[in-house]
Amino acid sequence: MSYQAPLRDMRFVLHELFDVSGHCQQLDNGLDRDTIDGVLEEAARFAAEVVAPLNRNSDEQGCRLQDGEVTTPDGFRQAYKQFVEQGWASMTGPLEFGGQGFPQMLSASFHEMLMSASLSFRVYSGLTEGTVLALDRHGSAELKQRYLAQLVSGEWTGTMCLTEPQAGSDLALLRTRAQPQVDGSYQLSGSKIFISGGEQDLSDNIIHLVLARLPDAPPGIKGISLFLVPKRLLDADGSPAARNALSCGALEHKMGIKGASTCVMNFDGATGWLVGQPNQGLACMFTMMNDARFQVGLQGLGIAEAAFQGGLAYARERLQSRAIKGPVALDKPADPIIVHPDVRRMLLIQKTLSEGCRMLAAYAARQLDLEHGASDPAAREAAARRAAFLIPVVKAFFTDCGQEVASLGVQLYGGHGFIREWGMEQLMRDSRITQLYEGTNGIQALDLIRRKLLGDGGSELNALIDELATQVHQATAQPEMAERVGQRLEEWRALGHSVLQACRHDPEEIGAVSVDFLAYSAYVMLAALWLQAAVRASQALAAGSGDAAFYQAKLQSADFYLRRVLPRAGAHREALLAGAGCLMAMPERSFAF
Ligand SMILES: Cc1cc2nc3c(=O)[nH]c(=O)nc-3n(C[C@H](O)[C@H](O)[C@H](O)COP(=O)(O)OP(=O)(O)OC[C@H]3O[C@@H](n4cnc5c(N)ncnc54)[C@H](O)[C@@H]3O)c2cc1C
């Protein structure tokens, strides 16, 4: 299947909904509309022409491990070289280390394109950007000086080494040890599993950020520290030289993203340096994890867009049966399946979820940008609270959507969707991991309730609802839609209050309601954004500013979303109000007889 970046929709979201040029002025980074559009067009070309053609083969060929060296699929090395040489790797990096400092609102569009083109290819650079963030914020001046510029340029890549066989969601269980040395360095020993890009042939050096315990560390998560451990130690000039005492012991054989190496990494007294303060590793790692969670959300969006494009192309070509109200393609033996109501139902779910997530991604990216770039400290703090609330929703909801939309892609192709050559089954397999890594979606939902809702007694939730409600009041161009959305926003407020009460009263409620509360919140947020899209579309149509078909489609999509997708929120509400009782009442022995 071929991929073309959805540039028209991206421009609508960036310029018409979120005024990305004004946002850039606020951040004082000098990007104007023409530059932004130029970047989007070049990015679209890179994703479609350089990366997308590699995706199918990367799935067939996978990565290979021989004598401790990993070979990535054919074409990845050349494409990665272009990625670095053309400056795509340094797009978001800090200016002082050679980065271009692009705002996330813009880079998220490029990253979505890369995810659609090849999730596997994007894995390598995605984690590098997180490494840059963590190091920039928590590393010592010396570590930054030695490592950051090459990570920013993409010449070296980064990894995130958390997971161990006995420690997945529960990092308190991790055992990797770090022994202090007289020269101020540490020797790390232990085994990490599932490390993305742990070994590969794309870059001259790999910089691992590793969670480990110091000898005197307290037990649990309060005793975890973060270390920088390079694959190759640097010589006096700062060039990669001798190999460090670490190796890739095995590659995992997996369901999808076969072009991304997933490694067992063994640290056998490897030399590393502390990042941040002792026993504060998890807090430092959270900088990287928040970025990575946003990026994984974009993976869900990228997959959804790719599956929608594939499904739509097929639905326009595949001839089966006649339209119920009479033939449409009289010159053909049957009509294209897009005439059938159920096929349209599937396509519109694909379209409205993909475009809805794209709007929410831009909204979340704006908060991430302001969190770090707003000149006013109060604005930075407000954006940080908003971003923290949104990140688990973006990660879990977008990836659930990615899987649903990919599955609809398979369904739209009928039996052919199950056959490899059409690409839909690869999207479905590739997207499945996104619901698992970077904290499973269940863990994201717990995070939303525990840290984001209970953490501040619901004040951020209410602030978000207030902001969205203000926009609903201003949506006079679409009164019927506004009423529908306004009702849901007040229902969400009341639901948040009930959830808070229930969880304070019985901690088991937290885990019992979390997934449904996250899904409910996401569907309502998307509804508020679809309303805004509909308002912009009505304004553009009223102004006669051209492109009427695009704006009509926006209005019709908003209508579909509010009538046919938003009702899902009601089912989640009903389920979560049922509470923990019916989950916990059954004794464990009664689960099977
Ligand atoms: C392809 C791939 C790439 C990966 N890349 C990396 C990487 O680069 N770096 C890295 O460090 N790790 C990586 N991981 C690991 C990944 O982040 C973990 O697999 C994930 O966090 C879940 O941990 P686990 O597999 O141990 O599952 P577990 O923690 O054992 O979870 C099993 C199930 O129990 C649920 N569960 C667990 N605890 C709770 C709880 N308290 N409440 C409710 N439900 C709970 C989970 O939601 C899940 O459904 C990768 C994994 C894969 C497969």
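In this text, all values refer to a predicted model and were calculated from it rather than measured experimentally.

Q: Could you clarify how one ought to interpret the overall build of the protein chain in this entry?
A: Tallying secondary structure elements over the protein chain gives 19 helices and eleven strands in all. A globule of 593 residues ought to have a C-alpha radius of gyration of about 25 Å, and the protein chain, at 24 Å, matches this closely. Principal-axis analysis of the C-alpha atoms gives the protein chain an extent of 80 × 65 × 60 Å. Of all 593 residues assigned to the protein chain, the portion counted as buried reaches 57%.

Q: What should I look at first to understand the UniProt feature "domain: Acetyl-CoA dehydrogenase-like C-terminal" (unreviewed entry) in the protein chain in this one?
A: The UniProt entry lists residues 467–587 under the feature "domain: Acetyl-CoA dehydrogenase-like C-terminal" (unreviewed entry), expressed in the numbering used here. End C-alpha to end C-alpha, residues 467–587 measures 44 Å, and it is 86% helix and 0% strand.

Q: Please explain the UniProt feature "domain: Acyl-CoA dehydrogenase/oxidase C-terminal" (unreviewed entry) in the protein chain as it appears in this structure.
A: Under the UniProt annotation, "domain: Acyl-CoA dehydrogenase/oxidase C-terminal" (unreviewed entry) lies at residues 279–451. Secondary structure within residues 279–451 divides into 73% helix and 0% strand; the distance between the first and last C-alpha atoms comes to 20 Å.

Q: Teacher, can you tell me more about the nonpolar core here?
A: Across soluble globular proteins, nonpolar side chains show a tendency to be buried alongside one another. M113, L353, F397, W492, F517 and Y561 are the most contacted members of the largest nonpolar core, which has 166 residues in total. Of the residues forming this core, the biggest block, 21 residues, is contributed by helix 16 (residues 508–543). Look past the residues within four positions of F517 in its chain and what remains in contact with it is L448, I449, L453, L461, W492, L495, G496, V499 and L576. Judged by nonpolar contacts, the second largest core, of 29 residues, contains V152, I224, L226 and M288.

Q: How do you make sense of the packing of aromatic side chains when you look at a structure like this?
A: All told, the structure shown has 19 aromatic pairs when counted by the stated rule. Seen in terms of ring centroids, F46 and F83 are 6.1 Å apart; in terms of plane orientation they differ by 35 degrees. Their pairing is tilted. Of this pair, F46 sits in helix 3 (residues 33–51) while F83 sits in helix 5 (residues 76–85), placing them 37 residues apart in sequence. Across the pair, F83 and F46 agree in class, each one buried. Measuring from ring centre to ring centre gives 5.6 Å for Y413 and W422, while their planes differ by 55 degrees; the resulting arrangement is tilted. An aromatic cluster is built from F46, F76, Y80, F83, W88, F110, F121 and Y124, whose rings are joined through pairwise contacts. The aromatic ring of F550 is capped on one face by R8, whose charged end is 4.0 Å from the ring centroid.

Q: Before we go on, may I ask you to explain the environment of L114 in this structure?
A: Along the chain, L114 turns up in helix 6 (residues 104–117). L114 sits 323 residues away from Y437 along the chain, and the two C-alpha atoms are 18 Å apart. In this structure, L114 is in contact with F46, A47, V51, F83, L119 and R122, ignoring residues within four places of it in sequence.

Q: How should the site of the ligand be read in this particular structure?
A: Near the ligand there are 19 residues, and of these M160, T163, S169, F194 and T440 occur at the shortest range. Within the side chain of S169, a nitrogen or oxygen atom sits 2.6 Å from an oxygen atom of the ligand. Separating an oxygen atom of the ligand from a side-chain N or O atom of T440 is a distance of 2.7 Å. A total of 980 Å² of accessible area belongs to the ligand in isolation, and the protein chains cover 61% of it.

Q: Before we go on, may I ask you to explain helix 13 (residues 441–453) in this structure?
A: Spacing of three or four residues puts side chains on the same side of an α-helix, whose turn is 3.6 residues. The terminal C-alpha atoms of helix 13, which comprises 13 residues, lie 17 Å apart, in line with the 18 Å expected from a rise of 1.5 Å per residue. Along helix 13, the helix axis deviates most sharply at D447, where the bend reaches about 25 degrees. Of the residues making up helix 13, those classed as buried are N441, Q444, A445, L446, D447, L448, I449, K452 and L453. Where helix 13 is buried, its residues contact helix 9 (281–317), helix 11 (377–412), helix 14 (459–474), helix 15 (479–505) and helix 16.

Q: Sorry, what's going on with a nonpolar patch on the surface here?
A: On the surface, F418, I419 and W422 cluster together to form a nonpolar patch covering roughly 330 Å² of accessible area. Structurally, W422 is set in the loop between helix 11 and helix 12 (424–432).

Q: What is the right way to look at the pattern of salt bridges in this model?
A: Pairing between side chains of opposite charge can happen when their charged atoms approach one another. With the rule as written, the count across this model stands at 38 salt bridges. E85 is the salt-bridge partner of K81, the closest N and O atoms lying 3.2 Å from each other. Here K81 and its partner E85 are both found in helix 5, four residues apart, which amounts to about one turn of the helix. Like K81, the residue E85 is exposed in the burial classification. Of the charged contacts, one joins R385 and E460 as a salt bridge, the two residues approaching to 3.7 Å between their closest N and O atoms. Of this pair, R385 sits in helix 11 while E460 sits in helix 14, and the two are 75 residues apart along the sequence. A relative accessible area of 6% means that E460 is categorised as buried. Salt bridges sharing partners connect three or more residues here, namely D9, E112, E305, K351, E355, R358 and K554.

Q: How do you make sense of the domain arrangement of the protein chain when you look at a structure like this?
A: The parts lose accessible area when they come together, and the size of an interface is often stated as this lost area. Taken domain by domain, the protein chain holds domain 1 (7–138), domain 2 (157–280) and domain 3 (448–582). The gap between the C-alpha centroids of domain 2 and domain 3 is 41 Å.

Q: Hey, could you run me through unusual backbone geometry in this one?
A: Generally, phi is negative for residues other than glycine and the peptide bonds are trans, each holding for most cases. The phi torsion at D28 lies on the positive side, around 60 degrees, for a residue other than glycine. Along the chain, the position of D28 falls in the loop between helix 2 (20–27) and helix 3. Residue class for D28 comes out exposed when judged on its relative accessible area of 68%. Positive phi, normally seen in glycine, also occurs at E438, with a value near 60 degrees. Checked against the element boundaries, E438 lands in the loop between helix 12 and helix 13.

Q: Honestly, the side chain of K231 in this entry has me stumped. Any pointers?
A: Among the secondary structure elements, K231 is positioned in the loop between strand 7 (225–230) and strand 8 (232–234). In terms of polar contacts, K231 uses its side chain to reach the side chain of E199, at 2.7 Å. If sequence neighbours within four positions are ignored, K231 has contacts with E69, E199, Q200, N205, I206, H208, A242, R243, N244 and L246.

Q: Looking at this structure, how should I read the environment of D19?
A: Assignment of secondary structure puts D19 in the loop between helix 1 (7–17) and helix 2. Its relative accessible area of 45% is what places D19 among the partly exposed residues. Along the chain, D19 and D291 lie 272 residues apart, while their C-alpha atoms are 23 Å from each other.

Q: Any chance you could explain helix 17 (residues 548–565) here in plain terms?
A: If you check helix 17, its first and last C-alpha atoms are 25 Å apart, about what 18 residues at 1.5 Å a residue would give, namely 26 Å. Those residues of helix 17 that sit buried are F550, Y551, K554, L555, S557, A558, F560, Y561, L562 and V565. On the buried face of helix 17, the contacting elements are helix 1, helix 10 (341–373), helix 15, helix 16 and helix 18 (567–577).

The rules we used
Residues numbered from 1 in each chain as written. Predicted model: local features only at pLDDT ≥ 70, side-chain atom pairs only at ≥ 80, totals over all residues. Heavy atoms only, no water. Helix = DSSP H or I, 4+ residues; strand = E, 2+ residues; numbered from the N terminus. Rg over C-alpha atoms; globule rule 2.2 N^0.38 Å. Buried < 20%, exposed > 50% of the residue type's maximum accessible area, 1.4 Å probe, protein only. UniProt positions renumbered as here; feature names shortened; annotations may be inferred. Core = buried A, V, L, I, M, F, W, Y, C linked by side-chain atoms within 4.5 Å. Contact = heavy atoms within 4.5 Å. Phe/Tyr/Trp six-rings, centres within 6.5 Å; stacked < 30°, edge-to-face > 60°. Lys NZ or Arg CZ within 6 Å of the ring centre and 35° of its normal. Near = heavy atom within 4 Å. Polar contact = N/O pair within 3.5 Å; in protein donor to acceptor, adjacent residues only side chain to side chain. Areas by Shrake-Rupley, 256 points an atom, 1.4 Å probe, with all protein chains shown as cover. Expected span 1.5 Å × (residues − 1). Bend = angle between axes of the 7 residues up to and from the residue. Patch = residues over 30% accessible without salt bridge, like charges linked within 9 Å, V, L, I, M, F, W, Y side chains within 5 Å. Salt bridge = Lys/Arg side-chain N within 4 Å of Asp/Glu carboxyl O. Domains from an automatic or database assignment.

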